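Spelled out from the first residue to the last, the chains are:
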Amino acid sequence: MTDILYAKALVQVLRESVEHDDRVHLMGQYFLGLTHHREMMAEIRDNYPERVYYPPIAEVGYVGAAIGAAMAGLRPIVDIATASFIFQAFPQVVNEAANIYYMSGGKTKVPMVFHFNQGIRGGGAAQHSHSPQAMLWNTPGLEIIAPSTPADVLGLVRTAVASDNPTAWVDHIKLFDVTGPAPEDANYSIPFGVADVKRKGSDVTLVATSWMVQKTLAAAERLAEQGIDAEVVDPRTLVPLDETAILESVSKTRRLVVADECHRRCGVAAEIVAIVAEEAFGDLAAPIRRVTADDVPVPFSPPLEEYIEPTEDKIVAAALSVTS
Amino acid sequence: MLPDLPGDQLVEQLRLMLVIRRFEEALIKLAADRDIGHFHVYIGQEATGVPALSLLRDGDFTFTTHRNHGHILARGADPARMLAEILGKETGYNRGKGGTLHIASLEHGFPTTSAATGGCIPLATGAAFAFDRRGVDNVSVCLLGDGALEEGSWHESVNIAALESLPIIYLCENNSLEALGQKAGEYPSSTMAAAPLTDLASIYKMPAIAIDGTDSAEVYTTMKTAVERARAGEGPTFIEARTVRWPGNRPLWPQLLTGETDVAMMWDDDAIPAEHAAWHRTNDGLLTFGRLLLADGHTIASQIGEIDAAVTKLAEDAVQFALDSPYPAPEEALADVFA
Ligand SMILES: Cc1ncc(C[n+]2csc(CCOP(=O)(O)OP(=O)(O)O)c2C)c(N)n1
Ligand SMILES: [Mg+2]
């Protein structure tokens, strides 16, 4: 295991996917957004020019074309860039890709990956800050991965590319700068539906996905200073979801906080909380808490954005409120 | 050539073009010292926006894009409140909720500004639908980039406008000439099989005219005909205004590659630096407009110098106002979700 940058792991797994399977094509290429890391994509652009497609600004067209190509022999990884633009492609993602295998009676496969950079990015304002994973989760037929570390992006994307199902890759734009250990084994992959306990603890369960895992781990360190031993559970994939791991942790700690960057109503946290309320009500020693984005469009102004964002401070406060 | 207008109105148009230029330059300088996020400037397109939008009147609507600053300033918005919005301040046009991408000012005819490429096209078409059904002679102007024609929203909307003979002008600013493009890892623009771009409108049976976006006379007369047509209930027009991309707009983040504009380049060829000389000499519509005003005797160099000094001060004051203004109270974030 050596430490690598998330952005580097992302480019590595894309490059290897293209290298190892000639059915894999990148459609769109803003995987690293407009961040200063974006030049790393040149490695793929230059070495595999015929495997990178530069689409027009036509999301419903090229994302839909990726779905069509997946049925006809390719395994596209289609990049939607800013997650908010997936709404332009929703008719094809939600009403076509997700339904195809089912509507065909289990005959037609759609082996592809939808990648997008989601989340409150700092100054993105209302039209560039969405976290559409809850909307996608409300769409049966899509697998959803949400890596939070360099190792997880390597392992989960390998599985996503190998999967015969349409898979949404939820990728928070702030993760690119995260550094962490990554296995060098080129065959390392992470099965879907297996949560990762990112920190062991006994006093409270903190469930988080994507960038919120990083914030939650930092919050857990602060809680430790106050004598509270938090367990951080990262489901890693929303579909399929490792309910067992979450329930096991809750049965041990008897307390639950879920941190999530979707809006509060019908967000990712809402679903996780509902499962625990249904399955483990008797285990709980305190009310469940959610730390989410407020139910307002994301404002531009920095202090307003910070006000509605699920922050480390808010996670600490929520954990304290259920443990004291 | 110059628009067929009295001299004082032409000088006022030059002043507005300079307001935009100095505003955008001040913004780029401001961004060098502090992180104000990603923004887009209108440098190089002033000679399109100012004459075109001078034809609008109260009650007309204009829908713009991520590249909105110049359009809103052309309609007389206050540079100080614009900059305050770009910095997310309480005194901004939208009290910091929108920022650079979404500056909106109803009093100047900008009800909302979408930064989703092509997002403005159905909205502008709908405003024209309302003017038509309400029986008023207002017009809707849809300002779109060439890239927006790649979105499906273009085709769906323009068909509606054509079928219903709606009072709308689609003013497409094609600033892709000499753009770098996606393969260089820079901004995408004009990835279109259809050429010329006017074909994308003429198939819907409406006047579709390509013009030089730095030729203010062509901009003005073409737009005037389109606006009169729309007010008379004769339906939509498509105008493609072509401009060479300002070199400072070729990288992802605007840079003052051509320096701060020296207005002396309008009357003194020696003031033109060797680097980017072609830009200054032929592609910068603002400089061209000033040269024509001088040649036709509508103004003199010293007057341009005075206007420029006043406008430069206006931009500096705007920066100071924006910096001095307070941020909104954080809990303001929860306000204004519903009317
Ligand atoms: C729906 C959508 N897709 C992609 C983008 C990213 N994007 C922002 S500006 C831009 C280029 C727009 O080109 P054009 O319309 O010609 O405007 P220009 O910037 O050249 O003035 C793109 C692709 C976006 N904002 N919205
Ligand atoms: Mg353009």
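Details of the structure are given in the entry above.
Everything in this summary refers to the structure shown in the same document.

Criteria and cut-off values
Residues numbered from 1 in each chain as written. Chains lettered and ligands numbered in written order. Predicted model: local features only at pLDDT ≥ 70, side-chain atom pairs only at ≥ 80, totals over all residues. Heavy atoms only, no water. Helix = DSSP H or I, 4+ residues; strand = E, 2+ residues; numbered from the N terminus. Rg over C-alpha atoms; globule rule 2.2 N^0.38 Å. Buried < 20%, exposed > 50% of the residue type's maximum accessible area, 1.4 Å probe, protein only. Contact = heavy atoms within 4.5 Å. Areas by Shrake-Rupley, 256 points an atom, 1.4 Å probe, with all protein chains shown as cover. Lys, Arg positive; Asp, Glu negative; His and termini not counted. Charge placed at Lys NZ, Arg CZ, Asp CG, Glu CD. Polar contact = N/O pair within 3.5 Å; in protein donor to acceptor, adjacent residues only side chain to side chain. Donors = N, O, S within 2.8 Å, 3.2 Å for Na, K, Ca; no water. Axes fitted to C-alpha atoms, helices over the stretch in contact; angles between N-to-C directions. Left-handed = near helix turned anticlockwise from the far one by under 90°. Nonpolar A, V, L, I, M, F, W, Y, C, P; charged D, E, K, R; others polar.

### A word on the overall build of chain A
On a plain count of helices and strands, chain A comes out with eleven helices and 14 strands. Taking 324 residues into account, the globule formula puts the C-alpha radius of gyration at 20 Å, and chain A, at 19 Å, falls close to it. By principal-axis analysis of the C-alpha atoms, chain A measures approximately 60 × 45 × 40 Å. Counting only residues that meet the buried cut, chain A has 60% of its 324 residues in that class. The long-range fraction of contacts in chain A, counting pairs at least 24 apart against all pairs at least 6 apart in sequence, stands at 80%. About 12200 Å² of surface is accessible on chain A, with carbon and sulfur atoms providing 52% of the total. Looking at chain A, you have 26 positive and 42 negative side-chain charges, and the mean spots of the two groups are 2 Å apart.

### Side note on the interface of chain B and chain A
If you look at the interface, chain B gives 38 residues, while chain A gives 30 residues. If you look at where chain B meets chain A, you find eight residue pairs in polar contact (both at pLDDT 80 or more).

### Some remarks on the coordination of the magnesium ion (ligand 2)
Tetrahedral metal sites with four donors have an ideal angle of 109.5 degrees; octahedral sites with six donors have ideal angles of 90 or 180 degrees. Residues and elements named next belong to chain B. For the magnesium ion (ligand 2), the full set of protein donor atoms is Asp-146 (OD) and Asn-175 (OD1), at a range of 2.1 to 2.2 Å. Of the two residues, Asp-146 sits in the loop between β2 (140–145) and α6 (152–163) while Asn-175 sits in strand β3 (residues 168–177), which places them 29 residues apart along the sequence. Residues Asp-146 and Asn-175 agree in their burial class; the two are buried.

### Looking at the packing of helix α8 (residues 243–253) of chain A against helix α9 (residues 268–279) of chain A
All names here are of chain A. For the pair α8 and α9, the least separation of the axes is 11 Å and the interaxial angle reads 60 degrees. For the pair α8 and α9, the crossing hand works out as right-handed. Contacts between α8 and α9 pair Glu-243, Ile-246, Leu-247 and Val-250 from the former with Ile-272, Ile-275, Val-276 and Glu-279 from the latter. Of the residues belonging to the contact of α8 with α9, the class tally is six nonpolar, no polar and two charged.

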